[in-house]
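Remarks on the overall topology
Now for the letters of each chain:
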Amino acid sequence: MVARLALLILIAALLSACVGPPPGEGCRSCHRPHHAEKGTCVSCHRGNGRSTRLAIAHYRLVPAELSHFTIPGSVRVEEGKRVAERFGCRRCHRLGEKGTRLAADLDRLAGDDPVRLFEAIRQPVLFMPDFRSDDRRTTDVVNAIMAFAGAAPAQGTAAVPLVVHFEAVRAKEGNLFVTKCGGCHRLLTAGEGGLGAGTVAPNLSGLFSPFYPTPFKPDEPWTPERLGRWLDNPRSVRPAALMSPVPLTKEEKAKLVPFLRADLEN
């Protein structure tokens, strides 16, 4: 039934494009124009500007709050960039030509749907941190992502697809991270996919990248040596730390390091 409805909407949209009013005229039959110097309504809000039928005209419509990326110098975009830094988006994603490839390359999303990006942040997929962000901050981040994507140079179609494998936790019960850290933490890795099942402690994806939002100490990023000191006694680093010491041998600490690395593509 859903597929049939989508097909009918598509057919109606095609017919409307052939016989309907000029682009944007359908929008202006209901909406007062603004930012007219930027072009037609669909250049910012998409949808179908030739139709006056609501279901067709608003198909994949981008609401005003998610259209700020089309306005040069937007304050909302700049705030979104600052929030993206605080969230540490680049520890897993490539954004503004910087970051890692643990997850989707956000610079390649210029043609994607801002509404879908908004929903993806508000309802994170498996192993993506839950930022518990309100709608305002989430909207700003989406606008920043779309602005970065629109400004990124064309990358063509030769890029190697990113494949991340998610397996049942039981299949990785012998993994050192799973057994020693996975009860409290989660981690997205380049070679092993998602590890861990915990949600009570920070997501450690991209810990050794320069983009991890909480450093070892101010101006001191995480390194294998600093991680070892933290595991030995977290309160020696931060007196108010809630984490208990994790007794690991030197060899076990070395085995943890590859899981926490994230290759950069600058």
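See the structure printed just above.
These remarks concern the structure in this document. (Residues numbered from 1 in each chain as written. Predicted model: local features only at pLDDT ≥ 70, side-chain atom pairs only at ≥ 80, totals over all residues. Heavy atoms only, no water.)

**Comments concerning the packing of aromatic side chains**
Where we set the bar: Side-chain rings of Phe, Tyr and Trp (the six-membered ring for Trp) are treated as a pair once their centres are within 6.5 Å; stacked means planes under 30 degrees apart, edge-to-face means over 60, and tilted covers the remaining angles. Two conditions define a charge sitting above a ring: the NZ of Lys or the CZ of Arg must be within 6 Å of the ring centre, and it must be within 35 degrees of the ring normal.
Considering all chains together, one arrives at three aromatic pairs under this definition. When the centroid spacing of 5.8 Å and the interplanar angle of 85° are considered together, the rings of Trp222 and Trp230 count as edge-to-face. It is Lys81 that lies over the ring of Phe148; its NZ or CZ is 4.8 Å from the centre.

**Examining the nonpolar core**
This is how it is decided: The definition of a nonpolar core used throughout is a set of buried Ala, Val, Leu, Ile, Met, Phe, Trp, Tyr and Cys residues joined through side-chain atoms within 4.5 Å. Buried means the residue's accessible area, taken with a 1.4 Å probe over protein chains only, is under 20% of the maximum for its type, while exposed means over 50%, and partly exposed covers the values in between. Only DSSP runs of H or I reaching four residues or more are called helices, and only runs of E reaching two or more are called strands; each is numbered from the N terminus. Should any heavy atoms of two residues lie within 4.5 Å, those residues are counted as being in contact.
Judged by nonpolar contacts, the single largest core of 23 residues is most densely connected at Phe177, Leu207, Trp222 and Leu256. Where this core is concerned, the elements lending two or more residues are helix H8 (176-180), helix H9 (224-232) and helix H11 (250-260). Top element by residues in this core is H11. It accounts for four residues. Sequence-distant contacts of Trp222, defined by excluding residues within four places in its chain, comprise Leu207, Phe208, Tyr212, Thr214, Pro215, Phe216, Leu227, Trp230 and Arg238. Listed in part, the 20 residues of the second largest apolar core include Cys89, Phe131, Val142 and Phe148.

**A few points about the packing of helix H5 (residues 75-87) against helix H7 (residues 135-151)**
Condition: Lines fitted to the C-alpha atoms define the axes, with helices restricted to the stretch that makes contact. Angles between their N-to-C directions range from 0 to 180 degrees. Throughout, the term roughly parallel applies to angles under 35 degrees, roughly antiparallel to angles over 145, roughly perpendicular to angles from 65 to 115, and oblique to all others. Under this grouping Gly is polar, as are all residues other than the nonpolar Ala, Val, Leu, Ile, Met, Phe, Trp, Tyr, Cys and Pro and the charged Asp, Glu, Lys and Arg.
Put simply, H5 and H7 touch, their axes get as near as 7 Å, and they point 100° apart. The angle between H5 and H7 places the two elements in the roughly perpendicular class. Along the contact surface, H5 presents Arg76, Val77, Glu79, Gly80, Lys81, Val83, Ala84, Arg86 and Phe87, while H7 presents Arg136, Arg137, Thr139, Asp140, Val141, Asn143, Ala144, Ala147 and Phe148. Broken down by class, the residue content of the contact of H5 with H7 amounts to eight nonpolar, three polar and seven charged.

So, to be careful, I would describe these as geometric facts and stop short of saying anything about function.
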